[in-house]
Amino acid sequence: MSKVRVLVGTRKGAFVLESDGKRQKWDISGPHFAGWEMYHVKGSPADPNRLYASQSSGWFGQQIQRSSDGGKTWEPVDNKFVYDGVPGTHKWYDGTPHPWEFKRVWHLEPSLTDPDTVYAGVEDAALFRTMDGGKSWQELPGMRGHGTGSGWQPGAGGLGLHTIILDPKDPKRIFIAISAAGAFRTDDGGATWKAINRGLRSEYIPDPDAEVGHCVHHMAMHPSRPGVLFMQKHWDVLRSDNAGDVWKEVNGNLPDDAGKRGFGFVIDVHAHEPETIYVVPIKSDSQHFPHEGKLRVYRSRTGGNDWEPLTKGLPQSDCYVNVLRDAMAVDSLDSCGVYFGTTGGQVYASADAGDSWNPIVRDLPAVLSVEVQTLA
Amino acid sequence: MSGGIRVVLPAHLRTLAKVGGEVHLEVKGQITQRSVLDALEARYPMLQGTIRDHVTQQRRAFVRFFACEEDLSHESPDAPLPEAVASGAEPLLVVGAIAGG
């Protein structure tokens, strides 16, 4: 029978949640790396027992941990992330040039085909890769070397490269996103990159239609349609039907927020329905909690614009948690499971594509990331 | 005590390096912060980058070095450590600074 393994990164350790295909009873193991910030934990699609975890601390810096047994045991691998060449400067919060400094790994994206190859998105924004299972990391400098790099400015959470999407049909195509530079695409395996931000409109930057400078929070893609991308921007939910060349807003009937719509962090796509997408609207960039104290996932079955709130099993009063950008994932069982974690430490699961929800666990440290593995 | 230089690591780094108590190191030449940390990182490679920066080799901002009831954090990494540390009578303490209130 199928199994599901949910990998949860929190402010104070990592947790592994496992269930059979019914997804009713869960075994919880952890905390792994107790007390450390676990920005991301993700498994290799090519070898589900191979997991990689980003472990960091304001005191002791960055570690990368690797498991070869599905998270039961771990070993530290190389943690040396050194920018290629002379790093140069980006723009600091006050507008002055600031040297590129490595701070942490936000996101680990294992190769779709090779368990030893993993991409790492880091702060200050750059893309690294290992091809030896984490024994060594090299920067793909074309990303940071994009001509606009000196003008990138950090978002409130830092200049993080937080989203990496590998195209399952074209191994040379990768999409990434940076707060607050925007989205980028390579079509040549990472040598050169193109800013893909046309159609994004951000009123908080001097030129709302600028080539870069947009605070993209997250992106998602359905593997069967790699040319279709969905984006959760600082404000606005958007889609592109041409691999990011042009975007259009699909906020539709998402909750009104003083005349604007569509603030949030997470976005994901149903495992079997490429036009069914999920977001969690959050009240404005100054409050960062759900509208009206009601935790609602919004689902669109039309790829945006037409949204329905999903509330069954979710708190509908006095709820003031946030759902961070990497904290939603889906499984690929016949009835698609959807999972998300909150800054209040709850991990919610739906075994029916969002119609109803239950907490797997209620009292973890603040959840930073949620990934799901569907195991045979 | 098995001799050599004694180093006390903070709890998170003991866990990372899978050591229980004090670390005892054989250090050749002059006993300095740099020579002790070089020996420490050679024995426990996973500690590279956790106490000092991989590239600049500078102490991380929230890490402190204490010994003999003195804060040695701002001493030169090449300055000799106190004789009591060099002789093994006292440990070099690697400390995670109080931060956050």
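What comes next concerns the included structure. Computed from a predicted model, the values in this text were never measured in an experiment.

**Considerations on the sheet that holds strand β27 (residues 308-310) of chain A**
Residue and element names in this part refer to chain A.
1) Next: Here we have 4 strands laid out as an open sheet, ordered β24-β25-β26-β27, and antiparallel in their pairing. Among the strands making up the open sheet, the edge pair consists of β24 (264-269) and β27. The sheet shows a mean angle of 30 degrees between the axes of neighbouring strands, taken without regard to direction.
2) Next: Pairing of β24 with strand β25 (residues 277-281), which is carried by 4 bridges, proceeds in the antiparallel orientation. Across the sheet, residue isoleucine 267 finds its bridge partner in β25, namely valine 279.

**Quick look at unusual backbone geometry**
Residue and element names in this part refer to chain A.
1) Next: Backbone torsion omega between glycine 30 and proline 31 reads 5 degrees, so that peptide bond is classified as cis.
2) Next: With respect to the helices and strands, the residue proline 31 is situated in strand β3 (residues 27-32).
3) Next: The residue after glutamate 123, namely aspartate 124, is reached through a cis peptide bond having omega -5 degrees.
4) Next: Here aspartate 124 lies in the loop between β11 (118-123) and β12 (126-130).
5) Next: The backbone of aspartate 236 sits at a positive phi, close to 90 degrees, despite the residue not being glycine.
6) Next: You can see aspartate 236 is positioned in the loop between β19 (229-233) and β20 (237-240).
7) Next: Phi at histidine 288 is positive, roughly 60 degrees, even though this residue is not glycine.

**Looking at the interface of chain A and chain B**
1) Next: Taken together, the contact pairs 13 residues of chain A with 12 residues of chain B.
2) Next: Among the residues forming the side of chain A that touches chain B, the class breakdown is 5 nonpolar, 7 polar and 1 charged.

**Digging into the environment of serine 369 of chain A**
Residue and element names in this part refer to chain A.
1) Next: Among the secondary structure elements, serine 369 is positioned in strand β32 (residues 367-375).
2) Next: Given 27 C-beta atoms within a 10 Å radius, serine 369 is considered buried.
3) Next: For the pair serine 369 and tyrosine 39, spaced 330 residues apart in sequence, the C-alpha to C-alpha distance is 6.4 Å.
4) Next: Apart from the residues within four sequence positions on either side, serine 369 is in contact with Gly9, Tyr39, His40, Val41, Asp326 and Ala327.

**Structural notes on the environment of histidine 40 of chain A**
Residue and element names in this part refer to chain A.
1) Next: Mapped onto the elements, histidine 40 comes out in strand β4 (residues 37-44).
2) Next: Residues histidine 40 and valine 370, spaced 330 residues apart in sequence, show a C-alpha to C-alpha distance of 7.6 Å.
3) Next: Aside from chain neighbours lying at most four places away, what touches histidine 40 is Gly9, Ser54, Trp106, His107, Leu108, Asp326 and Ser369.

**Regarding the sheet that holds strand β7 (residues 75-77) of chain A**
Residue and element names in this part refer to chain A.
1) Next: Within the open sheet, the 4 strands sit side by side as β4-β5-β6-β7. Their pairing is antiparallel. Edge positions in the sheet fall to β4 and β7, since each has one partner strand and no second. Going from strand to strand, the sheet's axes swing by 30 degrees on average, the running direction of each strand aside.
2) Next: Pairing geometry for strand β5 (residues 47-57) and strand β6 (residues 61-67), over 7 bridges, is antiparallel. Residue pairing for β6: leucine 51 is matched across the bridge by serine 67.

Calculation rules
Residue numbers run consecutively from 1 along every chain, following the written order of its sequence. Each chain is given a letter, starting from A, and each ligand a number, starting from 1, according to the order in which they appear as written. Local features in a predicted model are, by the rule used here, given only for residues with pLDDT of at least 70; side-chain atom pairs are given and counted only at 80 or more, and totals for whole chains, interfaces and linings are based on all residues. Any two strands with at least two DSSP-identified bridges between them are counted as paired. Under the scheme used here, helices are H or I runs from DSSP no shorter than 4 residues and strands are E runs no shorter than 2 residues, and both carry numbers assigned from the N terminus. Under this scheme, a helix contributes an axis fitted over its contacting stretch, all axes are lines through C-alpha atoms, and angles between N-to-C directions fall in the 0 to 180 degree range. Throughout, a pair of residues is in contact if the C-beta atoms placed from their backbones lie within 7 Å. Put simply, Ala, Val, Leu, Ile, Met, Phe, Trp, Tyr, Cys and Pro go in the nonpolar bin, Asp, Glu, Lys and Arg in the charged bin, and everything else, Gly too, in the polar bin. Put plainly, a residue is buried at 20 or more neighbouring C-beta atoms within 10 Å of its own, exposed at 12 or fewer, and partly exposed in between, counting only other residues' C-beta atoms, which are placed from the backbone.

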